[in-house]
Structures are given as structure tokens and as C-alpha cells.
Amino acid sequence: MQAKRDMANEIVETKAIEQVSDSLYKGVSDIIDNARQEVVVYVNKHSDLMFWHIGHYINGDMGYKQYSAYGSKILATLSQRLTARYGKGYTYTAVTRMMKVARFYSDEEMFATLSQTLTWSHFLELVTIEDNNKRLFYQQMGIAEHWSVRQLRDKQDEMAYERSLIAVKPEDEIVKTLEKVTPTHMEPDVVLRNSYVLDFLGLNGYYSEEELEDAIAKQLEAFILELGQGFAFLERQKRFTIDGTDYYLDLLFYHRKLKCLIAIDLKLGKFKPQYKGQMELYLKYLQKYDMQPDENPPIGLLLCSEGNTEHIELMMLNEDHIKVAQYLTCLPDKQWFIDKLNRSILIAKEYNDNR
């Protein structure tokens with residue numbers, strides 16, 4: 001009998017030890033895993049800064065010699081010696097990339113701040129963008145929306161900058177607006193686009209506004225992804241009753257970072273001036289009856305199947321809370337977006353000069 005009791009006590013003790021051991025193991029494992037993760041972050045951060053210092057030092061030491069054939073030979077010899085001593089991370093390509101990053105991000109403090117959220121691979125991708133405003137757009141949006149390097153490349157392939165409303169603004173306004181972008185703050189001209197590709201709707205030939213709306217409703221997830229991050233769908237065919245007359249807004253969304261309602265109206269053909277008055281009515285109603293105390297005033301987005309930039313500039317729509325964009329039911333080539341952006345910039349510049 002005593003033996004059975006001893007055996008039972010031993011089993012209980014063993015289980016208690018295992019439970020305590022499991023708890024200790026989990027706790028200690030968490031400490032080790034967290035410490036290792038911190039070490040990885042620390043090492044990566046200081047590696048990035050080391051790479052920047054290498055590039056900065058070479059740029060300063062070589063000056064313009066780096067762009068000559070003679071300079072290329074010097075860099076090739078340097079990279080061979082560094083590789084022999086430190087390994088493959090110092091190839092000719094790697095060293096010239098360090099120089100390029102240090103040249104484009106010449107301020108050490110700014111680079112150190114950015115490297116807290118962007119990896120070295122992000123910087124290598126960003127410095128392939130020659131246009132300063134375009135690079136700043138992808139840099140700031142990458143930080144704000146936590147893009148991976150792959151997402152950064154995808155956004156460039158999608159012509160995200162060329163399709164943004166901010167791209168046609170004067171340079172100083174572009175910079176000022178983009179510098180305000182943070183993970184918790186966005187501006188409408190950065191979030192909204194001048195064109196949306198809705199090729200996933202499967203619409204061909206002639207279709208009505210109702211058929212377009214039905215197709216969007218069926219493909220709502222894909223439509224929201226095309227709109228961008230932060231959009232939440234609220235209502236379809238929202239009814240406004242004003243002086244006994246019923247009006248219907250096609251789509252109502254909310255944007256988390258803009259902290260406001262987004263009213264979307266779908267139109268066939270080009271933008272017409274009367275659309276502005278109708279959207280203004282919707283926005284006034286939403287502001288009076290639907291906007292919450294902690295929200296910003298609502299924004300209207302008119303999606304038209306054809307573009308007419310000059311009308312939009314003359315009516316100063318994109319300077320107001322009403323934005324106009326073109327939607328495309330088939331994906332054009334990249335040159336189409338570039339031509340559209342160049343034309344929009346030219347019209348905007350002529351309008352500002354005349355004003």
C-alpha cells in the first residue's frame with residue numbers, strides 16, 4: 001500500500017516538475033528568441049550604417065574620379081581586396097551600390113532615421129529611381145504602409161506615383177505634402193489616384209452605370225485593393241432625401257488614415273461640370289448628418305470612364321474636397337500612364353502660370 005502511495009506521489013511530483021519545467025522553458029525561450037531578434041535588428045541597423053559610411057567615404061575620397069574608367073579600375077581593385085578579406089558582401093556591384101545610396105541619401109542623420117524602418121534592400125531599390133519626387137513618394141509611402149521590398153517593386157510596376165493626384169502638383173507642394181506622410185497621417189492627394197484600372201470587372205464594349213456598379217459589388221475585394229490601403233466599404237446606393245427628393249450615391253467608403261468618409265460616384269463618359277454640384281450636395285449632406293465629431297470632412301471621388309484634364313484644372317476640383325479620376329476597364333501599357341501624367345502636369349503648369 002505504501003509503495004502505491006509513493007508511486008502515486010512520484011507521478012504527481014513528476015507532472016508538477018514537468019509543468020514547472022514547461023513554464024520555465026517557454027519563459028527562457030521567449031527571452032532568447034526576443035534577444036536574438038533584437039540582435040538581428042541591431043546588427044542589420046549597424047550594418048546598414050556601416051555600408052552608408054563606406055559609400056560616403058569612397059565618394060568623398062574619389063570625388064569625380066569614380067565616374068571615369070580609371071576610377072572604375074580603382075573600385076574593382078578595392079572590391080577584390082575587400083572580398084578577399086571580408087567575403088562576398090563587398091563585390092564591385094555591392095560597393096558601387098553603397099556609393100549610390102550614400103550619394104542619394106547624403107545626410108547621415110536622415111539615413112539613420114530612415115534605416116530604422118527601411119532595410120538596406122529598400123534603399124537599393126529606391127536609389128534606382130532617378131526622379132527625386134518620385135523616390136520621395138515611394139520612400140514615404142513605403143514607410144507609412146509598411147511595404148516589403150517586393151511590394152515596393154510591385155507599386156512601381158503599377159505606376160503608383162504616376163497615377164497619384166500629387167504627381168501633377170508643383171514640386172515644392174509635392175515635397176511639402178509627402179514629408180507630412182506618416183503611418184498615422186495621410187493627405188487625400190497621396191491616397192487618391194487620377195486613374196484606376198478595373199480590368200478585373202470583365203466589362204467589355206457597352207455597359208450602363210448600373211452594370212458597372214453591379215460588377216464592382218461582385219468584385220468588391222478586388223476594387224478595394226485597387227483603391228489602396230485603408231479603405232473600408234460602408235454602403236451601396238446610399239439614399240439622401242432632401243426637400244422630398246431622393247438622391248442615391250453609388251458607393252460610400254471610409255478611409256482609416258484620412259479619417260473621413262469617401263463618397264464615390266460612377267459616371268460614363270467624360271466629366272461634366274454638373275457632376276460637381278451633385279457631389280457637393282452629397283458631401284454637405286454627409287458632413288451634416290453622417291460625419292462623426294472626430295472625423296475630417298468627407299471627400300468626393302468622381303470616377304469617369306473618359307478623362308478630360310483641362311475641365312478639372314479649370315474648375316479647380318483637385319484643390320477642393322472633390323477629386324476626379326478616370327477608370328479603365330482594360331490595362332493599358334505603362335506609356336499611357338506616363339503620357340497622361342505629362343499632359344496633366346503641362347495643363348496644371350499652364351493654368352498656374354496664367355493664374
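Going by the structure above, here's the rest.
Everything numeric here is computed off the predicted structure, so don't read it as measured data.

## Focus on the nonpolar core
A general trend in soluble globular proteins is that nonpolar side chains are found buried together.
Then, number 1: In this structure, Phe-137, Tyr-138, Phe-223, Phe-253, Ile-264 and Leu-303 are the most contacted members of the largest nonpolar core, which totals 70 residues.
Then, number 2: In contact with Tyr-138, other than residues within four places in its own chain, are Leu-126, Ile-129, Trp-147, Leu-152, Lys-155, Gln-156, Met-159, Ala-160, Tyr-161 and Glu-162.
Then, number 3: Core analysis: the next-biggest nonpolar cluster, separate from the first, contains 16 residues, Phe-240, Met-279, Leu-302 and Cys-304 among them.

## Re the sheet that holds strand 4 (residues 260–267)
Then, number 1: With mixed pairing, six strands are arranged side by side in an open sheet as 1-6-5-4-3-2. With one partner strand each, in any of the chains shown, strand 1 (195–197) and strand 2 (231–242) form the two edges of the open sheet. Direction aside, the axes of adjacent strands within the sheet are offset by 30° on average.
Then, number 2: In the sheet, strand 1 pairs with strand 6 (residues 322–328) via three bridges, with the strands oriented parallel. Paired with Val-197 across the strands is Leu-328, a residue of strand 6.
Then, number 3: Sitting on the sheet, helix 11 (residues 220–227) is in contact with strand 1, strand 2, strand 3 (245–255), strand 4 and strand 5 (299–304), with an inclination near 65° to strand 3.

## Points about the environment of Leu-283
Then, number 1: Note that Leu-283 resides in helix 12 (residues 273–289).
Then, number 2: Judged by its relative accessible area of 9%, Leu-283 falls in the buried class.
Then, number 3: Along the chain, Leu-283 and Pro-297 lie 14 residues apart, while their C-alpha atoms are 8.1 Å from each other.
Then, number 4: Setting aside anything within four residues of it in sequence, one finds Leu-283 in contact with Ala-263, Pro-298, Ile-299, Gly-300, His-321 and Ile-322.

## Thoughts on the packing of helix 6 (residues 132–144) against helix 8 (residues 171–179)
When two helices pack together, their arrangement is captured by the angle between the axes and the distance separating the axes.
Then, number 1: Where helix 6 contacts helix 8, the two axes come as close as 10 Å, and the packing angle between them is 15°. One element, helix 6, and the other, helix 8, form an angle in the roughly parallel class. Where helix 6 crosses over helix 8, the two elements pack in a sense that is left-handed. Seen from helix 6, the contacting residues are Asn-133, Leu-136, Phe-137 and Gln-140; seen from helix 8, they are Glu-171, Ile-174, Val-175, Leu-178 and Glu-179.
Then, number 2: Split into classes, the residues belonging to the contact of helix 6 with helix 8 amount to five nonpolar, two polar and two charged.

## A word on helix 12
Each full turn of the α-helix corresponds to 3.6 residues, which orients residues three or four apart in the same direction.
Then, number 1: For helix 12, which comprises 17 residues, the first-to-last C-alpha distance of 25 Å matches the rise-based estimate of 24 Å (1.5 Å per residue) to within 8%.
Then, number 2: Packed against the buried residues of helix 12 are strand 2, strand 3, strand 4, strand 5 and strand 6.

## A word on the pattern of salt bridges
Any two side chains of opposite charge can pair, given that their charged atoms come close.
Then, number 1: Enumeration according to the criterion identifies 14 salt bridges in this entry.
Then, number 2: Across the salt bridge formed by Asp-189 and Lys-169, the nearest N and O atoms sit 3.6 Å from each other. Of the two residues, Asp-189 is situated in helix 9 (residues 188–191) and Lys-169 in the loop between helix 7 (149–157) and helix 8; the sequence distance between them amounts to 20 residues. In terms of burial, Asp-189 and Lys-169 fall into one category: buried.

Parameters at a glance
- Residues numbered from 1 in each chain as written.
- Predicted model: local features only at pLDDT ≥ 70, side-chain atom pairs only at ≥ 80, totals over all residues.
- Heavy atoms only, no water.
- Core = buried A, V, L, I, M, F, W, Y, C linked by side-chain atoms within 4.5 Å.
- Buried < 20%, exposed > 50% of the residue type's maximum accessible area, 1.4 Å probe, protein only.
- Contact = heavy atoms within 4.5 Å.
- Pairing = 2+ DSSP bridges.
- Helix = DSSP H or I, 4+ residues; strand = E, 2+ residues; numbered from the N terminus.
- Axes fitted to C-alpha atoms, helices over the stretch in contact; angles between N-to-C directions.
- Parallel < 35°, antiparallel > 145°, perpendicular 65-115°, else oblique.
- Left-handed = near helix turned anticlockwise from the far one by under 90°.
- Nonpolar A, V, L, I, M, F, W, Y, C, P; charged D, E, K, R; others polar.
- Expected span 1.5 Å × (residues − 1).
- Salt bridge = Lys/Arg side-chain N within 4 Å of Asp/Glu carboxyl O.

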